[in-house]
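# Chain and residue survey
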Amino acid sequence: MKFSFLIHPLTNETKGLMQLDKSRMLLANWGSNILRFCLDLHRATEAMQEEAAISDNAQVRLVDELAKLASPTGAQADGRLYEIPMDARSILDNPEQAIQYMEQAVDDAAKWGARVVGLGSMTGIVGGQGEHLAQRGPVAVTTGNSLTVYAALQSLLTACAETDIDLRREAVAVVGVPGSIATAAARWLAPRCRNLLLVGRRVSPRASRLAAELTAELLVDIPPALAGARLVVSATSTGNCIEPASLRPGSVVIDVGVPTDLIPPIAPRDDVLLLSGGLAYVPVTMPRDSMFLGFYQGVIPCCLGETMVLALEERAECFSLGRDLDLDSIEEIGDLARKHGFDFSQLFSFGQKLESSALARFRKATVRRRPEYSHNGTNGRFHDHFQTNGRVPPDVSLPPSLTTAQLADRASQLHERYINPILVGLGRNNGFIKTFVRGLGNELWDADGKAYLDFVAGFGSLNLGHNHPAVVRAVRAALEEQAPGFTQSAINPLAATLAEQLVALAPPGLEMVFFANSGTEAVEAALKLARAATGRPGLLSCERSFHGKSLGSLSVTGNPVYHRPFGPLLPECQSIPFGDLEALERALYMRRFAAFIVEPIQGEGGMIVAPAGYLRAAQELCRTSDTLLIVDEVQTGLGRTGTLFAVDEEGVEPDILTLAKSLGGGLVPLGAMLCRRDLWMKAYGSARTFALHTTTFGGGSLACAAGLATLRVLREEDLCANARARGLQLQHAIGDLAGRCHLVRCVRGRGLMLGLEFRPMPDTMVAHFKGTDPSGSISLLVPNLDELIHSIPGLYAMQILLQTHGIYTQVARSNPRVLRIQPPLAITEEQVSRFLSALENTCHELQFLNESVDSTIRKSIGTHQGGARVVG
Ligand code: PLP
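Residues numbered from 1 in each chain as written. Predicted model: local features only at pLDDT ≥ 70, side-chain atom pairs only at ≥ 80, totals over all residues. Heavy atoms only, no water.

The next subject is the packing of helix 9 (residues 145-162) against helix 14 (residues 327-339). Between helix 9 and helix 14, the least distance of the axes is 8 Å, while the angle of their chain directions is 80°. Classed by the angle they form, the pair helix 9 and helix 14 counts as roughly perpendicular. Two secondary-structure elements touch here, helix 9 through Ser146, Leu147, Val149, Tyr150 and Gln154 and helix 14 through Ile330, Ile333, Gly334, Asp335, Ala337 and Arg338. (Axes fitted to C-alpha atoms, helices over the stretch in contact; angles between N-to-C directions. Helix = DSSP H or I, 4+ residues; strand = E, 2+ residues; numbered from the N terminus. Parallel < 35°, antiparallel > 145°, perpendicular 65-115°, else oblique. Contact = heavy atoms within 4.5 Å.)

All right, on to the sheet that holds strand 1 (residues 2-7) then. Strand order across the open sheet formed by 5 strands is 2-3-1-4-5, with mixed pairing between neighbours. Each edge of the sheet is formed by a strand with only one pairing partner; in this case those strands are strand 2 (61-70) and strand 5 (140-142). Each neighbouring strand pair of the sheet contributes to a mean axis angle of 20°, computed without reference to strand direction. Sheet analysis places strand 2 next to strand 3 (residues 76-83), joined by 7 bridges and oriented antiparallel. In the sheet register, Arg61 faces strand 3, and the bridge partner there is Glu83. Along the sheet face, helix 13 (residues 302-312) touches strand 1, strand 2, strand 3, strand 4 (116-119) and strand 5 and points at about 170° away from the line of strand 1. (Pairing = 2+ DSSP bridges.)

Turning our eyes to something else, we now look at the pairing of strand 17 (residues 443-446). In terms of strand pairing, strand 16 (residues 436-440) meets strand 17 through 4 bridges, oriented antiparallel. When the bridges of strand 17 are listed, Arg438 appears paired with Trp445. Taking the residues between adjacent antiparallel strands as the criterion, strand 16 and strand 17 are bridged by 2 residues, where Gly441 takes a positive phi near 60°. Here strand 17 runs beside strand 18 (residues 451-454); their pairing, made up of 3 bridges, is antiparallel. Directly across from Trp445, in strand 18, lies its bridge partner Ala451. The hairpin turn running from strand 17 into strand 18, its antiparallel successor, is 4 residues long, and Gly449 in that turn takes a positive phi close to 85°.

A cis amide bond links Gly137 with the next residue in sequence, Pro138, at an omega value of 0°. In this fold, Pro138 is placed in the loop between helix 8 (131-136) and strand 5. Between Val177 and the following residue, Pro178, the backbone shows a cis peptide bond with an omega angle of 5°. With respect to the element layout, Pro178 can be found in the loop between strand 6 (171-175) and helix 10 (180-189). We note that Gln129 has phi near 45°; this positive angle belongs to a residue other than glycine. Along the chain, the position of Gln129 falls in helix 7 (residues 126-129). Look at Arg591: it is not a glycine, yet its phi comes out positive at around 55°. Checked against the element boundaries, Arg591 lands in the loop between helix 26 (581-588) and strand 22 (593-598). The partly exposed category is assigned to Arg591, whose relative accessible area is 40%. (Buried < 20%, exposed > 50% of the residue type's maximum accessible area, 1.4 Å probe, protein only.)

Listed below in C-alpha cells is the structure:
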C-alpha cells in the first residue's frame, strides 16, 4: 500500500541547509549528527530566527521516495515524504498557513495514490492533532503518536533494565501534559511507578483532570519535578525546557520533543542518561540509506514508523488522532511494528545509537555514589541531595538475584560491553558464540532450552562433566559444615588430606604439594621452584607449547603470537622442537637450564603426541645434565589420556608435575604443583624461606573438597578405562573417515585428548581469497592471513556441528586447522556415535563445498585470468 508522510524543516536554518545541501554530501558526512548540529545552530541563531519570514515562492515539495519497503513478513509498502515550507516555530505562530500547506501535501499524496498520510512533528499538532485533515479527507491520516509513545516507553523500560532501576519504586516526571504523547505516557506509567509528577505550562482544566484521574501531583515548574523524580519523560511541543545541568545525578530523561526538550548546548555528564524517545530501527529488510533526516542508517522517528506499519498492514484508516490516545491501540501498533521487524531495543541519544560505554559510565557514576558504596556513607552528593531535600533515600540496593537463565537475556550485550566486544562481534552474524545457561554431565543448554553435547569440556577442565553430583555434594557438605573459607598460615584439614592423596597417586618421587588456583599459577610455582632449587636462571621449553599466559609461564609458551605485545619476557628462556631428542641433548649440554618444561601431548599446539619413548629419554637427558624435568599435566592429567597421569603411560618420573583444570571437579578453580621433597627443601626449607611463594586462595576449603571428590569419582567410575575405550572408538572411526574424505588429514592424540587435522585449503582458493584484496591491505591488517584462510574448514566444521547437530566443539587456538575432540570422560558409546555421524556429514558437506568452489575458481581462472597465482 502507498503512504505519505509530512515533514518540515526543524528551523529555518535547517530548511536552508537542506536546500543548500543538494549534493547531500553534508548529510552523508554528518549522518544523524546533523540533528545535533542543527539544534545547536538553531540556538545560536535564535535571534535571527525571530525575523525569519516565509518566502513568497515557498511551496510543498516531494523530498524523498521510500520505494518498496519490505517487512520480514513479506508485506510491502511504498512511501513519499513531502515537506511543507515552514519551520517548527512558524507553524505554531501561523497554524492556518501551515494547514493550507498540509492540505496541499495531502492532496498531492492522494493524487499519487497514497491511502494513509502520516503527520510529522508540528504537522501532527496543528489542526487538532490530525482531526481536521481526517475529517477533510480524501485519505486517512495519523499523527503516528501511538507508536511514538510506545517507543518512548520501551526506551524507558530498556534504560531501567540496563541500569538496574526498578520502575515500581521510582517517581516519574512527565513533562508536556496535557499533550497527547505526555498524557498517554502518564496514563501508562501511573500504575507502574511509585508516583507521578505531571508538568504542564499552566494549570489547565484538562491537565487538572488528568492529575486527579491518576492521583498525580501537577506542577507548572520543571525544577521541582526534576528534584522529585529522576526518571523523566518529556514531550512538549515547544521544546527547550529542561536545563540538563539541573538534573540530579542518576537521572534518566526520555526526550520525545522535536526540537529537543533538553536545552542545548549540553555539557557532557556521565551521571545522567539523556535519551531520545520515539525512535526505532527499521526492519533489516528495509534499505537503510534514505537520506531523510533521522532515517539515516535505519533510525526513524516512530510517527513515520506508525504510518509505515499501517501501510504494511494495508490499513487505510485514521489511527492516532486528537489528544486522547488509547492505551490498547498503543500496545496494538507496537505489537504490529514488532511483527514487521521494527526494533525498539536500542537506546538513542540525540538521534544516534547510544554508545555502549555511556551506559557503563552512567552505571559507574551512579553506583559509586550510592551511600553503601561511598567511603563514609554520607559523603556522596547523591545522598546529600536527598538529605537537603528532606526526602528518604530510595532503596538503592543492587538488583535482586536472578537465575542464570534470567540473566541470559542481556548476557551477550553485557559481555560485549564489559568483557570482550570482539568475541561477541565475531559470533554476531553466525551464531558462533553461544550463551549457555546450564550444564549437566556431558551436555550444555542454551537460553532457548536447546541441548548441546559438550565436546570441549572446558579444554580439559570438565573430565567429570558438568556439575557432577558427587562433587556438588562434597562442596555442599563443606558449606553446610561451615568449613573455613581461607586460613592463612594455619592448617586446613581438607587441603592436607588432598595433598596426601595426590602424592599417593602421583608418580614416584613427587612428595610435596603447592596449591594454586589455575594452570598458569601451578606452572609459575614450578618455574620459581626450579630456579630457586638449582640456582640456574635458564628455562628450556618446546616450540608450539602452551603453559599459560601469566608472564613467567608465557615466557615458556611456544607461540610467538601470544608473546608479541608483552615483551620483554623472562630472560634466559629457549625453545626447541617438540619431540626432538637431539635438540634437547644439544640444549642441555651447557647445563645452564634450571628445568626443561614439557607437555606429554601438546593440546593448544594441535593435539601433538610426543613420539614414543621421548619423555623417558628426556628424563634421562635431564638427569645427566642436572636439569629438572617439569611435566605440565594441567590438561593431560586426571584421566584425560586414559591413564591417571599421561606420564604413567611410559612410567616417566618427573621432578616437578603441574595439575589444574579438572582437579577442581569442574566446579571450583584449583591447581597444584607437585615436586620432589629435596627440591622443596632447597627452595623453601628454612624459617626464612618457607613462605617465599604463597597465594591467598591456594588450598581453600571448597576447592579441596571438590578435589577430593574428583579423585574419588575418577576411581569409582573408572573414567580412565572409559577414556581409553571411547578414545579408540573415535580414533578408529575418524581414521576410516580420513580414508573416505580427502579433507580430513588425520586424527591423533590419546584417550579423549584427540584432534582432527583438516588438510590445508587448495592453493586456488587461497589465491582467490587473496585476489579479492589486490591492495594487500587485508594482509597488513591480518598478518597471518594464510593461516586464517587455512583454518576455514575447522571453523566451518565447528559452526555446522554447533548449529546443525547441537555439538559444541572448538579448534586448537595455536593450530586452528585442528578440531579438538575432548569430551568429558564419561561420554557414552552412543554419544560418541552421534558425534561421529554428525562429523561424517559435516566433513562431506565441507568437502563438497570445497570441491565446488575450487572447480568454479579454476574455471574462472581458466577463462578470465589465464592462470592461478599459487600461494604456498
Ligand atoms: N598448561 C597447560 C598444558 C595448559 O593446557 C594450560 C591451559 O590450557 C595451562 C597450562 C594454563 O592453565 P590456565 O588457563 O588455568 O592458567
